[in-house]
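# Fold and contact review
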Amino acid sequence: MSENHELILEAKHITRRYPAPNGRTLTACQDVSLNFYRGQTLGIVGESGCGKSTFMRMVVSLEQPDEGEFLFHGRDITKLKGEELRQHRQKIQMVFQDPAEAFSPRMRVMDIICEPLLNFKRIRKSEKEAVARRYLEMVELPGDFALRYPHSMSGGQRQRVGIARALVLEPELIVYDEATSALDVSVQKTIIELLVKLQKEKNISYGFICHDMALVQSLSHQVAVMYLGHIMELLPGDKVADGCVHPYTKAMAEAVFDLHMDFGKPIESIESEAPSPLDVPPGCPFQSRCPKCMDICRKEKPVLKTIAQGHQAACHLYDLK
Ligand SMILES: Nc1ncnc2c1ncn2[C@@H]1O[C@H](COP(=O)(O)OP(=O)(O)O)[C@@H](O)[C@H]1O
Ligand code: SF4
Ligand SMILES: [Mg+2]
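Residues numbered from 1 in each chain as written. Chains lettered and ligands numbered in written order. Predicted model: local features only at pLDDT ≥ 70, side-chain atom pairs only at ≥ 80, totals over all residues. Heavy atoms only, no water.

## Observations regarding the packing of aromatic side chains
Where we set the bar: By convention, a stacked pair of Phe, Tyr or Trp rings (six-membered ring in the case of Trp) has centres within 6.5 Å and planes under 30 degrees apart, an edge-to-face pair has planes over 60 apart, and any other such pair is tilted. The secondary structure listing takes helices from DSSP runs of H or I that are at least 4 residues long and strands from runs of E that are at least 2 residues long, numbered from the N terminus. Buried, partly exposed and exposed residues are distinguished by accessible area as a fraction of the type maximum, computed with a 1.4 Å probe on protein chains only: under 20%, between the cut-offs, and over 50%, respectively.
One pass over the full model with this rule turns up 6 aromatic pairs. Where tyrosine 227 meets phenylalanine 286, the ring centres are 5.1 Å apart and the plane angle is 85°; that geometry is what we call edge-to-face. Placement of the pair is tyrosine 227 in strand 9 (residues 222-227) and phenylalanine 286 in the loop between helix 9 (247-257) and helix 10 (295-299), with a sequence separation of 59 residues. Here tyrosine 227 matches phenylalanine 286 in class, with each residue buried.

Encoded structure:
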């Protein structure tokens, strides 16, 4: 599947560390390599604090990795500075949980939507309303909303405004960081349908972060499972429910999909909490919660191995085969 699609952005061996109290270091992303393909969605799942947002902030050049590179159409964007960086930022946009909330309550919807275009001098002020109306219709809102203020709109409508704002620069990649997580399930569903429709129309790539595994796999062509800054498994979205192999993914998938599963089977649930990212043990990061933990898991860190086409897992169980 993905192999037939054009590679847009390649993350290669990305590591990001933060200074922590008492002279310690927290590694939020460790040697992460992932690819974004044209017209496809890469979903990232994992518990809170596993490094999803840190990785995506680097994808959108809001911060830089300590190690590794991001190749955008083959060119390392981690080295970009000043005007070149500013120009590049148009190509990759990000939508946050409630983007419209981040704007001044005095900004009308058309100002919010058109601000990026005005910043890059791509339209004149007199064109604002007409452009905003066009993009509002694209996100299935009435054109008249251009004159409204975000506080007079629902959460779902505001999120559509955030999507319109991300679209105006016609980016190649849009990153959604928990963009639908605060919405009711029914509203979430209509927004996801809109995202899928826009992706097909525009052949745009998405990065989609969400802690809801069922939702992520429903729209993602590839799903990356993260744990304590590491990629544990990378697999096609449609294989998550019954094709995942990593003990961590399996535990999450069984918790999520058990309604559709065989109730005769014991459910492997993860009981304890993830260790602190400051205390990642040597060996496998998942060892303290893994029902299959072996001696080697406490000594050697498993590396990602290819299990099948488009499917990789980092687990010693798959060294033995
Ligand atoms: N600017 C920062 N300074 C220090 N630690 C950070 C910073 N940003 C994130 N972290 C830490 O990095 C880890 C990963 O965070 P984050 O990427 O936000 O996780 P997620 O989005 O998966 O919940 C967490 O332990 C978090 O506390
Ligand atoms: S490497 Fe070992 S501890 Fe880690 S997930 Fe695999 S079996 Fe479990
Ligand atoms: Mg986050």
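From this point, things continue past the structure.
## Details of the site of ligand 1
Rule in force here: For each residue, the test is whether any non-hydrogen atom lies within 4 Å of the molecule or strand; if one does, the residue is near. Polar contact is defined as a pair of N or O atoms within 3.5 Å, subject to the rule that within protein one atom must be able to donate a hydrogen and the other to accept it, and that residues adjacent in sequence are counted only when both atoms are side-chain atoms. Only the protein chains shown count as covering a residue, and every accessible area follows the Shrake-Rupley method with a 1.4 Å probe.
Taken together, the neighbourhood of ligand 1 is formed by 13 residues, with Gly49, Gly51, Lys52, Ser53 and Thr54 sitting nearest. Within the backbone of glycine 51, one N or O atom sits 3.1 Å away from an oxygen atom of ligand 1. Surface burial for ligand 1 is 65%, taken as the share of its 570 Å² of free accessible area covered by protein chains. Sort the elements by how many residues they give to the shell around ligand 1 and helix 1 (residues 52-59) lands first, with 4 residues.

## A short note on the packing of helix 3 (residues 109-119) against helix 4 (residues 128-138)
Defined as follows: Where helices are involved, their axes are fitted lines through C-alpha atoms of the stretch in contact, as for all axes, and angles between N-to-C directions lie from 0 to 180°. Angles are sorted into four bins: roughly parallel if under 35 degrees, roughly antiparallel if over 145, roughly perpendicular if 65 to 115, and oblique for all others. A contact between two residues is defined here by any heavy atoms of the two lying within 4.5 Å. Under this grouping Gly is polar, as are all residues other than the nonpolar Ala, Val, Leu, Ile, Met, Phe, Trp, Tyr, Cys and Pro and the charged Asp, Glu, Lys and Arg.
Packing of helix 3 against helix 4 brings their axes to within 9 Å, and their N-to-C directions diverge by 105°. It follows that helix 3 is roughly perpendicular to helix 4 by the angle criterion. Packed against helix 3, whose contacting residues are Val109, Met110, Asp111, Ile113, Cys114, Leu117 and Leu118, the element helix 4 presents Lys128, Glu129, Val131, Ala132, Tyr135 and Leu136 at the interface. Within the contact of helix 3 with helix 4, the residues separate by chemical class into 10 nonpolar, no polar and 3 charged.

## Observations concerning empty space enclosed by the protein
The condition that has to hold: Think of a 1 Å grid over just the protein atoms. A cavity is a set of points where a 1.4 Å probe fits yet cannot get out, a pocket is an open set with protein on both sides within 12 Å along at least five of seven lines, and lining residues have an atom within 4 Å of a point. Grid points are joined across faces, edges and corners, and a volume is the space filled by probe spheres set on the points.
Tallied over the full model, the rule gives 2 cavities of 30 Å³ or more. Each pocket or cavity is described by its volume, and for the largest cavity that value is around 100 Å³.

## Some details on the site of ligand 2
Around ligand 2 sit 13 residues in total, of which Cys284, Cys290, Cys297, Cys315 and His316 are the nearest. Of the residues assigned to the shell around ligand 2, the class counts are 9 nonpolar, 3 polar and 1 charged.

## Digging into the side chain of threonine 54
Looking at the secondary structure, you find threonine 54 in helix 1. On the basis of relative accessible area, threonine 54 is assigned to the buried category, the value being 9%. Those residues in contact with threonine 54 that sit more than four places away from it in its chain are Arg16, Tyr18, Ala28, Cys29 and Glu63.

## Focus: the packing of helix 3 against helix 5 (residues 155-167)
To keep it simple, the criterion reads: Each crossing gets its handedness from the near helix: less than a right angle anticlockwise from the far helix is left-handed, clockwise is right-handed.
Here helix 3 crosses helix 5 at 30°, and the two axes come no closer than 7 Å. On the basis of their axis angle, the class for helix 3 and helix 5 is roughly parallel. As for the relative orientation of helix 3 and helix 5, their crossing is right-handed in sense. Two secondary-structure elements touch here, helix 3 through Val109, Ile112, Ile113, Glu115 and Pro116 and helix 5 through Val161, Ala164 and Arg165.

## Focus on the sheet that holds strand 12 (residues 311-313)
Formally: For two strands to pair, DSSP has to find at least two bridges joining them.
A sheet is described by the order of its strands in space; here 8 strands give the open sequence 6-7-8-3-9-10-12-11, paired in mixed fashion. Each edge of the open sheet carries a strand with a single partner, namely strand 6 (92-95) and strand 11 (305-308). Adjacent strand axes in the sheet meet at a mean angle of 25°, parallel and antiparallel pairs treated alike. Running over the sheet, helix 6 (residues 185-202) touches strand 3 (41-45), strand 7 (173-177) and strand 8 (205-209) and is turned about 155° from strand 8.

## Quick word on the layout of surface pockets
As a volume, the second largest pocket reaches approximately 480 Å³. In this structure, the second largest pocket is lined by 18 residues; those nearest its centre are Gln93, Met94, Phe96, Pro116 and Arg165. For the lining of the second largest pocket, the residue count by class is 12 nonpolar, 4 polar and 2 charged.

## Focus on helix 6
Cut-off, in case you're wondering: Multiplying 1.5 Å by the helix residue count minus one yields the expected span of that helix. Picture the helix axis, draw a direction to every C-beta atom, and the arc is the one those directions span.
Over its 18 residues, helix 6 extends 26 Å from the first C-alpha to the last, a length consistent with the 26 Å expected when each residue adds 1.5 Å. Regarding helix 6, the residues found buried are Gln188, Ile191, Ile192, Leu194, Leu195, Leu198 and Gln199. All buried residues of helix 6 lie within an arc of 160° about the axis, which places them on one face of the element. Opposite the packed face of helix 6, turned more than 90 degrees from it, sit the exposed residues Ser186, Lys189, Lys200 and Glu201. Looking at the buried positions of helix 6, the neighbouring elements they touch are strand 3, helix 4, helix 5, strand 7, strand 8 and helix 7 (213-219).

## As for the nonpolar core
Operational definition: Only buried residues count toward a nonpolar core, which is a set of Ala, Val, Leu, Ile, Met, Phe, Trp, Tyr and Cys residues joined through side-chain atoms within 4.5 Å.
With 61 residues, the main nonpolar core has Ile113, Ile163, Leu167, Tyr176 and Phe208 as its most contacted residues. Counting residues per element, this core draws most heavily on helix 3, which supplies 6 residues. Ignoring anything within four residues of it in the chain, the contact list for isoleucine 163 reads Val95, Val139, Tyr176, Ile191, Leu194, Leu195 and Leu198. Counting residues in each nonpolar core, the second largest holds 30 residues, with Ile14, Met56, Phe72 and Met94 among its members.

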